[in-house]
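Examining the three-dimensional arrangement
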Amino acid sequence: MSSSPVVASEDRQRDKWSSSKALNDGDAVFERIFSGQEGEEDEAVEYAATSGEDRQALERRLRLKIDLRLCTIAGILCSLNLLDSGVISSASVTSMPTDLDLTGNRFSLSIFIFTVSSIAFQLPSTLAVRTFGPRLWFSFITFCFGLVTMCTAFIRTWQQMIALRVLLGIAMSGIYPGLTYLISTWYPRSEQQTRFAFLQTGEVVILATGSIVNFGLNQLNGRGGIAGWRYMFLVQGLISMVIGLATYFWMVDFPEEAHRSLWFLTPEEQDLAVARIHADRKDVQPDPFSWGKVFVHAKDPKVYGFACMFFLLNLVSTALSYFLPIILQSGMGFDENQSILLSAPPYYYAVIPVLLSSVVGDKYRLRGPVITFNCVTLIVGFCMLGFSEQVAVRYVGTYLATGAYVSNWAALSAYQANNIAGQWKRAFTAAAVTAMNGAGGIAGSFIVRSQEAPNYITAVWVSIGSHILIVGIVAAFSLYFFVANRRAAAGEAIIEGVEGFRYTY
């Protein structure tokens with residue numbers, strides 16, 4: 001009896017990877033494509049025989065395929081976190097606080113508890129991407145996220161809201177670190193910041209559009225005896241559940257398992273994708289899993305430096321994304337609907353700086369200078385927001401601050417992904433920095449104090465100080481990376497245990 005095409009394809013890929021492991025952990029694939037080592041693979045020989053220009057054309061076509069499949073769905077899924085912040089922040093200026101008795105710090109507590117549960121489950125959820133595969137895992141947790149969001153529309157007390165926020169944090173925990181990890185496995189380091197920018201672009205566009213949708217849903221207030229904020233959670237929860245189902249068919253697997261993805265790469269394109277990563281950093285294939293191989297990377301001080309920068313960044317992003325409508329309403333005097341609508345344009349604007357800074361960063365392989373420029377821009381924006389008395393100037397400050405922190409999300413993601421090697425180290429670092437990013441969210445949920453309206457001076461000074469510290473950490477890293485690269489070039493050291501690896505700064 002003949003085997004099915006899917007089984008035959010998987011057997012073919014398994015055989016190829018078995019021989020690949022036998023020849024120095026993946027070198028066989030690289031050599032087959034660029035040296036034509038396996039004569040029976042006609043397409044591999046064809047790749048090896050192509051000119052430099054033809055090979056560049058093949059790589060451009062491959063990048064486009066990966067971008068259209070992976071970056072699109074990754075941007076949509078990552079937007080769920082910001083979508084949640086958009087829904088709850090928009091709802092915070094409606095009748096929700098009164099309906100649920102969210103007095104005192106209870107609203108901040110709902111954000112805090114969401115972040116705590118998310119942090120607790122980030123590492124296991126990120127590792128589950130490898131265990132169960134991206135298609136199944138991301139589909140499952142996205143559907144769960146939508147289900148919990150939809151259920152929020154039916155709660156009656158603030159205690160019920162806290163309970164659902166815990167479940168929501170668990171569902172969300174693996175999305176951002178898991179997708180950061182997955183994207184870093186598909187692209188060479190010189191292409192990663194632009195792809196993280198695509199991720200952020202999808203996030204902020206959906207968040208901004210969500211604010212406008214929330215404005216429309218709030219106009220349904222009282223229809224059918226349902227409050228407007230309940231429509232926000234109901235509709236966006238249902239949309240997320242549909243996205244979760246679609247994710248199973250849309251998401252792609254890791255490069256060496258790309259043949260499991262539906263309607264994606266040809267076997268030859270998969271070989272080329274693997275060869276590109278192997279040529280860049282030689283970490284295509286993960287070692288067999290063990291907790292020791294994961295936690296050994298906790299000894300690397302770089303991980304803590306990257307994590308600290310994400311903590312400092314998310315102090316600001318949480319304060320702005322969750323509290324921008326409140327700042328517009330209490331700090332600038334706009335009414336409920338104006339506050340919801342005016343919170344959208346800064347995120348549309350953020351698309352411009354995140355794409356421009358990322359293209360420049362990838363083209364010239366600059367990371368530190370781009371991060372520093374974004375930090376300075378954010379500081380200027382918060383000075384305008386905190387120290388000006390003119391509403392127009394303060395509102396423009398929200399544009400600069402929002403564009404800068406969104407740009408630095410992409411820049412910092414590329415910064416950490418560019419300067420580590422190894423599959424389990426990528427997974428551990430992605431989970432670690434996202435956990436500290438969440439911890440920054442906990443702190444950020446408490447720095448916008450209602451009694452400090454209209455200037456919110458604590459939030460302003462904490463945001464400025466945090467980004468001065470980011471600049472200091474980047475300066476220290478740049479000096480360390482410069483010295484390490486010189487030692488490696490002189491043959492005095494091997495960076496990240498990979499011959500030829502160099503830090504990007």
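Above this text is the structure in question.
Residues numbered from 1 in each chain as written. Predicted model: local features only at pLDDT ≥ 70, side-chain atom pairs only at ≥ 80, totals over all residues. Heavy atoms only, no water.

1. Considerations on unusual backbone geometry
In plain terms, the rule: The helix and strand labels rest on DSSP assignments: H or I over at least four residues marks a helix, E over at least two residues marks a strand, and numbering proceeds from the N terminus.
Positive phi is not limited to glycine here, since Asp101 has a value of about 60°. Mapped onto the elements of the fold, Asp101 is located in the loop between helix 5 (96-99) and helix 6 (106-132). Despite not being glycine, Trp263 shows a phi value in the positive range, around 55°. By secondary structure assignment, the location of Trp263 is in the loop between helix 11 (228-250) and helix 12 (267-281).

2. Points about the packing of helix 6 against helix 8 (residues 158-172)
Counted only if it meets this: Orientation is described by axes fitted as lines to C-alpha atoms, over the contacting stretch for helices, and by angles from 0 to 180 degrees between their N-to-C directions. Throughout this description, any angle smaller than 35 degrees is read as roughly parallel, any larger than 145 degrees as roughly antiparallel, any in the 65 to 115 degree range as roughly perpendicular, and the remainder as oblique. Handedness of a crossing is defined here by the sense of rotation of the near helix relative to the far one, left-handed for an anticlockwise turn of less than a right angle and right-handed for a clockwise turn. Residues are treated as being in contact if the distance between any of their heavy atoms lies within 4.5 Å. In this classification, the charged set is Asp, Glu, Lys and Arg, the nonpolar set is Ala, Val, Leu, Ile, Met, Phe, Trp, Tyr, Cys and Pro, and all remaining amino acids, among them Gly, are polar.
Where helix 6 meets helix 8, the closest approach of the two axes is 7 Å, and the angle between their N-to-C directions is 30°. If you check the angle between helix 6 and helix 8, you find them roughly parallel. Our pair here, helix 6 against helix 8, has a crossing hand that is right-handed. Side by side, helix 6 and helix 8 meet where Arg106, Leu109, Ser110, Ile111, Ile113, Phe114, Ser117, Ser118 and Phe121 of the first sit next to Trp158, Met161, Ile162, Arg165, Val166, Leu168, Gly169, Ile170 and Met172 of the second. Grouping the amino acids of the contact of helix 6 with helix 8 by side-chain chemistry returns twelve nonpolar, four polar and two charged.

3. Some thoughts on the nonpolar core
The criterion, for reference: Here, nonpolar core refers to any group of buried Ala, Val, Leu, Ile, Met, Phe, Trp, Tyr and Cys residues whose side-chain atoms link them within 4.5 Å. Each residue is assigned to one of three classes by its accessible area relative to the maximum for its type, calculated with a 1.4 Å probe on protein chains only: buried under 20%, partly exposed between the two thresholds, exposed over 50%.
One finds Leu70, Leu77, Met96, Trp186, Phe382, Tyr405 and Tyr415 to be the most contacted residues of the largest nonpolar core, which totals 132 residues. When neighbours within four sequence positions are excluded, Met96 is seen to be in contact with Ile88, Ala91, Leu102, Phe107, Met161, Trp229 and Phe233.

4. Looking at helix 9 (residues 175-186)
So the rule is basically this: How far a helix is expected to stretch is found by multiplying one less than its residue total by 1.5 Å.
Between its terminal C-alpha atoms helix 9 stretches 17 Å, which fits the 16 Å expected from twelve residues at 1.5 Å a residue. Of all twelve residues making up helix 9, twelve are buried, and the element is well covered by its neighbours. Regarding helix 9, the residues found buried are Ile175, Tyr176, Pro177, Gly178, Leu179, Thr180, Tyr181, Leu182, Ile183, Ser184, Thr185 and Trp186.

5. Observations regarding the packing of aromatic side chains
So the rule is basically this: Stacked, tilted and edge-to-face pairs are distinguished by plane angle, under 30 degrees for stacked and over 60 for edge-to-face with tilted covering the rest, among Phe, Tyr and Trp rings (Trp via its six-membered ring) whose centres lie within 6.5 Å.
One pass over the structure, following the stated rule, counts 24 aromatic pairs. Aromatic pair Trp137 and Phe140: ring centres 5.8 Å apart, planes at 40°, arrangement tilted. Pair noted here: Trp137 and Phe140 are both in helix 7 (residues 134-152), with a separation of three residues, about one helical turn. A ring pair is formed by Tyr405 and Trp409, whose centres lie 5.7 Å apart and whose planes are at 80°; its orientation type is edge-to-face. Pair noted here: Tyr405 and Trp409 are both in helix 18 (residues 391-418), with a separation of four residues, about one helical turn. Like Tyr405, the residue Trp409 is buried in the burial classification. In this structure an aromatic cluster arises from ring pairing among Phe306, Tyr415, Phe477, Tyr480, Phe481, Phe501 and Tyr503.

6. Describing the environment of Ala208
Looking at the secondary structure, you find Ala208 in helix 10 (residues 192-218). Each C-alpha atom, one on Ala208 and one on Ala344, is 4.2 Å from the other, the two residues being 136 residues apart in sequence. Discounting residues that sit within four places of it in the chain, Ala208 has contacts with Ala344, Tyr347 and Tyr348.

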